Amino acid sequence: MAAGKASLVALGLKFCVKNKLLSKSDLPSVISCIRRGLATSVLSQTVEEPSATTSPSSSFGGPLEHYNGLIRDGLLREDLQQKAVMEKLDQMQKNLRGYSNDRSSFFSKFFSQRKPPKGYYIYGDVGTGKTMVMDMFYNHVETEKKKRVHFHGFMLDVHKRIHRLKQSLPKRKVGKMAKAYDPIAPVAEEISEEACLLCFDEFQVTDIADAMILKQLFENLFLNGVVVVATSNRPPDDLYKNGLQRVNFVPFISVLKEYCQTLRLDSGIDYRRRNRPAAGKLFYLSSEPDVNATLDKLFDEMAFKQNDITRPRSLKVHGRILTLDKACGTIADCTFEELCDRPIGASDYLEMSAVFDTVFIRNIPLLTLNKKTQARRFITLIDALYEHKVRVVLQADAPLDELFVLEHHDDHDHHDTHVLLDDLGISRDAGSSLAIFTGEEEVFAFQRTVSRLTEMQTEEYWVAGERSSK
């Protein structure tokens, strides 16, 4: 592919020199830009494993035709809300044909830049098909400069880029003030060179570090011609609801609305929870007799097929070592305490998702307000595992629908909350409505987690997560 592009570029340059549109002295700098552009387009392709439902086919002219074909073949049931959103995305797919945000190319000097089409922000309840319609659209978009990422993963990448740029600055001389440096615009430019289309799954803002940079980051991405399509469970106005310093976040919502049209996809049906063949028993209650022995036997049966021995496993995550007590090949046998009681996060879970195709999670407790931090980690863990089609076997103290409870807020926890509010200089009345203290954000997000865990127990999901045959 790259070789074919290179030969076309060479012909174009030859034409320009022959017709005196370009002098020979300009060639070195132009060739350098072209090489950088070719390298970027190849390196920035995301490696996707599209499902049988969303993967494109030469027999379909676009995402809407693909969607209608799946309904006709009985693989999907018709959903008028999904179809309405798909019609919008189908038109955008056509509008994006031939679109590029590349301002450094030689040919952009002679032709005016096309105005980027408005993006879409698709929101609705859990399991209504938002990710499916976005993926179907993404797989039919005819450009290599596109990225489809989970929003958690994208923001981790942004913070890594910011850190790298700051580290590359010359060290401050003793006795002299360091010059102020803002890395957000350069990071946005880097990302813009790699993609003209960004598709975000699960657009949610819970981290104050993310919240404070989103306006500037996305403003620069949009100004650089990047088109955004995102899915979320929340409407734009509810993003980072009751978050710390939300007043500084609110301007981002206006930017998002300016560059993205809002679409609601909410038919009231959670398709992940519809009746589908189960993959066997994958969820165990802690109260079941001999549950630990049963799980040990299940792990041993799976481990027997691995070309490895059961042993502790160390994973390297951004220069840190994450140690798991028990693993064999692509299977990890973990406890809730091991995965959610330690100060680890999305980057650790993403690394686990890359290494393992099956994860046992034992001893999941009732997630009360006293365990908000652990609940957040558990939600992030399941998001990462689901996104990478990792299979799970669970053991919990209660059924999935009853795991998260807004009770048991003890005096010690109240004391810790009051100390934190005092440290932040926030009055207790004002702090009482903040999401980090009420558990509102966790309750909202946990609905998605339960929906995803339900789908993760189906035979269809289990088969899709099999990596040994790939």
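Here is what the cut-offs are and how they apply
- Starting afresh in each chain, residues are numbered from 1 along the sequence in its written order.
- Residues qualify for local features only when their pLDDT is at least 70, as the model is predicted, and side-chain atom pairs are given and counted only at 80 or more; totals for whole chains, interfaces and linings, by contrast, use all residues.
- Each side-chain value is derived from all of the structure's non-hydrogen atoms; neither hydrogens nor water enter the calculation.
- UniProt positions are given in the numbering used here, feature names are shortened, and annotations may be inferred rather than shown by experiment.
- Throughout this description, buried means an accessible area under 20% of the type-specific maximum (1.4 Å probe, protein chains only), exposed means over 50%, and partly exposed covers the range between.
- Put simply, DSSP H or I for four residues or longer makes a helix, DSSP E for two residues or longer makes a strand, and each gets a number counted from the N terminus.
- Paired strands, as defined in this entry, are two strands with at least two bridges between them according to DSSP.
- The salt bridge criterion pairs a side-chain nitrogen of Lys or Arg with a carboxyl oxygen of Asp or Glu, the two atoms within 4 Å.
- Think of a nonpolar core as a cluster: buried Ala, Val, Leu, Ile, Met, Phe, Trp, Tyr and Cys residues, connected wherever their side-chain atoms sit within 4.5 Å.
- N or O atoms within 3.5 Å of each other form a polar contact, as long as, within protein, one can give a hydrogen and the other can take it, and as long as residues adjacent in sequence are counted only when both atoms are side-chain atoms.
- Only heavy atoms enter the contact rule, under which two residues are in contact if any of them lie within 4.5 Å.
- Whether a set of points on the 1 Å grid over the protein atoms alone is a cavity depends on a 1.4 Å probe fitting there but being unable to get out, while an open set qualifies as a pocket with protein on both sides within 12 Å along at least five of seven lines; lining residues are those with an atom within 4 Å of a point.
- Grid points are joined across faces, edges and corners, and a volume is the space filled by probe spheres set on the points.
- Under the scheme applied here, ten amino acids are nonpolar (Ala, Val, Leu, Ile, Met, Phe, Trp, Tyr, Cys and Pro), four are charged (Asp, Glu, Lys and Arg), and all others, including Gly, are polar.
- All axes are obtained by fitting lines to C-alpha atoms, using only the stretch in contact for helices, and the reported angles, taken between N-to-C directions, cover 0 to 180 degrees.
- Any angle from 65 to 115 degrees is called roughly perpendicular, while one under 35 is roughly parallel, one over 145 is roughly antiparallel, and all others are oblique.
- Note on convention: near helix rotated counterclockwise from far helix by under a right angle means a left-handed crossing. Clockwise means right-handed.

Per an unreviewed UniProt entry, the protein is named Lactation elevated protein 1, and its organism is Culter alburnus. Entered under Sequence similarities (unreviewed entry) in the UniProt record, the comment concerning the protein runs "Belongs to the AFG1 ATPase family."

Draft legend 1. Region of interest: the pairing of strand β1 (residues 119-123). Burial analysis of β1 places five of its five residues in the buried class, the great majority of the element. Burial along β1 is two-sided: the face carrying Gly119, Tyr121 and Tyr123 and the face carrying Tyr120 and Ile122 are both buried. Note: β1 against strand β4 (residues 227-232), four bridges, orientation parallel. For isoleucine 122, the partnering residue across the bridge sits in β4 and is threonine 231.

Draft legend 2. The arrangement of the pattern of salt bridges in detail. Following the criterion strictly, the structure yields 25 salt bridges and no others. When the shortest N-O distance is used, the salt bridge between glutamate 288 and lysine 281 registers 3.3 Å. A residue is classified by how much of its surface remains accessible, and glutamate 288, at 24% relative accessible area, is partly exposed. Taking relative accessible area as the criterion, lysine 281 reaches 45% and is therefore assigned partly exposed. Three or more residues joined by partner-sharing salt bridges are found here, namely Asp135, Arg148, Asp201, Glu202, Asp383, Glu387, Arg448 and Arg452.

Draft legend 3. Focus on the nonpolar core. Counting 41 residues, the largest nonpolar core has Leu324, Leu339, Met352, Val359, Ile361, Phe378 and Leu385 as its most contacted members. The biggest single contributor to this core is helix α14 (residues 372-387), with eight residues. Core analysis: the second largest hydrophobic core is formed by 37 residues, Val158, Ala211, Ile213 and Tyr240 among them.

Draft legend 4. Expanded view of the side chain of aspartate 201. Within the fold, aspartate 201 resides in strand β3 (residues 197-201). Here threonine 231 takes part through its side chain, which lies 2.8 Å from a polar atom of the side chain of aspartate 201. Residue contacts for aspartate 201: discarding those within four places in its chain leaves Thr131, Met134, Arg148, Val149, His150, Phe151, Thr231, Glu387 and Arg452.

Draft legend 5. Looking closely at empty space enclosed by the protein. With the rule as written, the count across this model stands at two cavities of 30 Å³ or more. What lines the largest cavity is simply His150, His152, Gly153, Ala346, Leu350, Thr380, Asp383, Ala384, Glu387 and His388. Among the elements of the structure, α6 (151-167), α13 (346-355) and α14 are those that each provide at least two residues to the lining of the largest cavity. Here the lining of the largest cavity gets four residues from one element, more than from any other, and that element is α14. Taken together, the residues of the lining of the largest cavity break down into three nonpolar, five polar and two charged.

Draft legend 6. Fine view of unusual backbone geometry. Even without a glycine there, the phi angle at aspartate 290 is positive, about 55°. Here aspartate 290 lies in the loop between β6 (283-285) and α11 (291-303). Positive phi is not limited to glycine here, since asparagine 363 has a value of about 60°. Along the chain, asparagine 363 turns up in strand β10 (residues 358-364). The class of asparagine 363 is partly exposed, set by a relative accessible area of 40%.

Draft legend 7. Region of the structure containing the pairing of β4. Among the six residues in β4, six count as buried, and that is most of the element. Of the two faces of β4, the one holding Val227, Val229 and Thr231 and the one holding Val228, Ala230 and Ser232 are both buried throughout. For β3 and β4, the ladder comprises four bridges, and the chain directions are parallel. Along β4, the bridge assignment pairs phenylalanine 200 with alanine 230.

Draft legend 8. Highlighting the environment of methionine 302. With respect to the helices and strands, the residue methionine 302 is situated in helix α11. Sequence spacing of methionine 302 and glycine 329 is 27 residues, and the spatial spacing of their C-alpha atoms is 9.8 Å. With near-sequence residues (within four places) excluded, methionine 302 lies in contact with Ile331, Thr358, Phe360 and Trp462.

Draft legend 9. How the structure looks around the packing of helix α7 (residues 184-194) against helix α9 (residues 214-223). One can describe the packing of α7 onto α9 by two numbers: an axis separation of 9 Å at closest approach and a directional angle of 40°. Compared by their axis directions, α7 and α9 come out oblique. Judged by the twist between their axes, the crossing of α7 over α9 is right-handed. Contact residues: Ile184, Ala185, Val187, Ala188, Ile191 and Ser192 in α7; Gln216, Leu217, Asn220 and Leu221 in α9. Split by residue class, the contact of α7 with α9 holds seven nonpolar, three polar and no charged.

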